[in-house]
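# Architecture at a glance
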2 protein chains.
Amino acid sequence: MNIIHVDVASSARSATHRAYLALRKMIVTGTLKPGEKLKIDGLRKRLDTGASPIREALSLLTSDNLVERIDQRGFRTAEISKANFEEILLLRCQLEDLALRESIVNATDEWEELIVLAHHRMNRAKGKDPDLFEDLHKAFHMALLESAASPILLKFCSQLYDLNIRYRYLAGSALDYQRRDVGDEHTGILNAAVARDADTASERLLNHYRMTGAFLSGLLGNGTLA
Amino acid sequence: MNIIHVDVASSARSATHRAYLALRKMIVTGTLKPGEKLKIDGLRKRLDTGASPIREALSLLTSDNLVERIDQRGFRTAEISKANFEEILLLRCQLEDLALRESIVNATDEWEELIVLAHHRMNRAKGKDPDLFEDLHKAFHMALLESAASPILLKFCSQLYDLNIRYRYLAGSALDYQRRDVGDEHTGILNAAVARDADTASERLLNHYRMTGAFLSGLLGNGTLA
DNA sequence: CCCATGTGGAAAATCGATATTTCTTGCGGA
DNA sequence: TCCGCAAGAAATATCGATTTTCCACATGGG
């Protein structure tokens, strides 16, 4: 193949990895709708790659609970439901509580600087580049848990984060007009974490989650979504 | 999600699924050693199938933390370490505690019958068919958590179970001579669960894990393993 | 009229081959 | 002797094509 690919540093790697990132974003942001059939050939053309990378990427997404595999009948995006959302919310609260407390136990100055930086970068992108903001928002939340030094737990939290944010995207504009000042909440969490106050930090973090959680759960209940 | 469950009966389905089960068993039981390079071609011949099913199975195992993927350099089985083992043990205790308590909250007569049955089947296989016993042992532990009605949490627990049992296999005969009466422990957990006594059940379950855990951790520390 | 059975078409799963990348080894120069 | 480079060998990642499986619909029997 003589075609010169424009390999942007971050999106390079292998075709499988690119497909994985692209598909995950499409599912999380709702470009691919819940329960939608994922035809290999269609995606192949859409992402301009072969069938093998697509299949492998879908396999990986299956383990992230974003895609369901039906034996001999291909793949489809995960369904959504109120029960599923509430499970995710509850698990997130429980696991992030564990992780955050452990993280604060192991806190170091380096970690402190890490979360301050992550927080600043997130705020800088606020209102400018929504796409970038979302990435940095996740980065901030993960950074809070970083020094828990538990790769598996962090992976679980990362997965749950993606599952949760998918619902937020699905709610879309419905969520906008209830935008309380999320910025304040973030700052509050950050300050408590920097102060090594695990109880306060955890309480604020969980409130932060439950706030939007309750609202979304309401939408799912009254049939606005799904 | 089909793949995760312990399907004692069905060995067929797709080539990918067969490869997944076979490879997982090989890694968990130590046939494939920690850190070992997993050459596609070698496995292809060994399992008598094509390269695509192998690759897909390895992708799935990557998400189970049993296989590591190195970009453009193939796959290898996950490394082992004392830190990794202790992380698994701790997470297991935390997550299964959550799941078991929730399971007991939701307890029904059907669930009660389910765990009694799982316990009986496990004991029946004891000392006869070690391979079958292991499957039923996992089935028993998962059945305890079953009525938590939290598929994601159960999946996490299932993964952690496999990661943990891998260390047990690696310890192998070294573990045999410290065999306290595990049967009694199982019965104790079962009874507390049937009695809907969450505190006792959880305490016994966690002790059950920590018992072998401490021993294994010792082995990893003094260099007998790895 | 309803259910069972057969048939055509579409999609998935898998295979075989190619292209790309990485690893190894041996040679030459310092 | 040691380091670096380069060519060959090996393994991976990917593609295109084949085989297998499933689904929808029609057709005929009950």
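Residues numbered from 1 in each chain as written. Chains lettered and ligands numbered in written order. Predicted model: local features only at pLDDT ≥ 70, side-chain atom pairs only at ≥ 80, totals over all residues. Heavy atoms only, no water.

Turning our eyes to something else, we now look at the relation of the copies chain B and chain A. Laying chain B over chain A is done by rotating through 180° and shifting 0.1 Å along the axis; what remains is an RMSD of 0.1 Å. The transformation relating the two chain copies, once decomposed into turn and shift, fits a two-fold axis. Taken together, the interface assignments show that 97% of the residues at the interface of chain B recur at the interface of chain A, consistent with an identical surface on both copies. (Least-squares fit on C-alpha atoms with pLDDT ≥ 70 in both. Contact = heavy atoms within 4.5 Å.)

All names here are of chain B. Inspection of the entire model under this criterion finds 26 salt bridges over all chains. With its nearest N and O atoms 2.8 Å apart, the salt bridge here joins Asp199 to Arg101. Of the two residues, Asp199 is situated in helix α10 (residues 198-221) and Arg101 in helix α4 (residues 82-105); the sequence distance between them amounts to 98 residues. Owing to a relative accessible area of 31%, Arg101 belongs among the partly exposed residues under this scheme. (Salt bridge = Lys/Arg side-chain N within 4 Å of Asp/Glu carboxyl O. Helix = DSSP H or I, 4+ residues; strand = E, 2+ residues; numbered from the N terminus. Buried < 20%, exposed > 50% of the residue type's maximum accessible area, 1.4 Å probe, protein only.)

The immediate surroundings of DNA strand D are formed by 19 residues, with Ala15(A), Thr16(A), Gly50(A), Arg73(A) and Arg55(B) found nearest. Considering the 4 Å shell around the protein, atoms of DNA strand D inside it are sugar or phosphate in 86% of instances. Between DNA strand D and Gly74(B), the relevant distance is 3.3 Å, taken from a phosphate oxygen to a main-chain nitrogen or oxygen of the residue. Going through the elements one at a time, α1 (15-28) and α3 (51-63) of chain A together with β1 (37-38) of chain B are the ones with two or more residues in the surface near DNA strand D. Residues belonging to the surface near DNA strand D are distributed by class as follows: 6 nonpolar, 8 polar and 5 charged. (Near = heavy atom within 4 Å. Polar contact = N/O pair within 3.5 Å; in protein donor to acceptor, adjacent residues only side chain to side chain. Nonpolar A, V, L, I, M, F, W, Y, C, P; charged D, E, K, R; others polar.)

Looking at DNA strand C, there are 19 residues lining it, with Arg55(A), Ala15(B), Thr16(B), Gly50(B) and Arg73(B) nearest. Sugar plus phosphate: this is where 87% of the atoms of DNA strand C within 4 Å of the protein reside. Interatomic distance of 3.5 Å between a backbone N/O atom of Gln72(A) and a phosphate oxygen of DNA strand C. Thr16(B) places a polar side-chain atom, nitrogen or oxygen, 2.7 Å from a phosphate oxygen of DNA strand C. Considering only residue class, the surface near DNA strand C consists of 6 nonpolar, 8 polar and 5 charged.

Residue and element names in this part refer to chain A. Taken as a whole, this structure holds 3 aromatic pairs over all chains when the rule is applied. Between the aromatic rings of Phe85 and Tyr167, the centroid separation amounts to 5.0 Å while the plane-to-plane angle is 55°, which identifies the pairing as tilted. Of this pair, Phe85 sits in helix α4 (residues 82-105) while Tyr167 sits in helix α7 (residues 151-171), placing them 82 residues apart in sequence. This pair shows no difference in class: Phe85 is buried, exactly as Tyr167 is. Here the guanidinium or amino end of Arg92 rests over the ring plane of Tyr209, the centre of that ring lying 3.8 Å away. (Phe/Tyr/Trp six-rings, centres within 6.5 Å; stacked < 30°, edge-to-face > 60°. Lys NZ or Arg CZ within 6 Å of the ring centre and 35° of its normal.)

On the chain A side, the residues contacting the 30 residues of chain B number 29 residues. Both faces considered, chain B and chain A share a buried interface measuring about 2700 Å² in area, 56% of it formed by carbon and sulfur atoms. Taken as a group, Glu56(B), Ile152(B) and Phe156(B) account for 23% of the area that chain B buries against chain A, more than any other trio of residues on that side. Inspection of the region where chain B meets chain A yields 4 salt bridges. Listing elements by their share of the side of chain B that touches chain A, those giving two or more residues are α3 (51-63), α4 and α7 (151-171) of chain B. The leading source of residues in the side of chain B that touches chain A is α7(B), at 8 residues. (Buried area = accessible area lost by both parts, 1.4 Å probe.)

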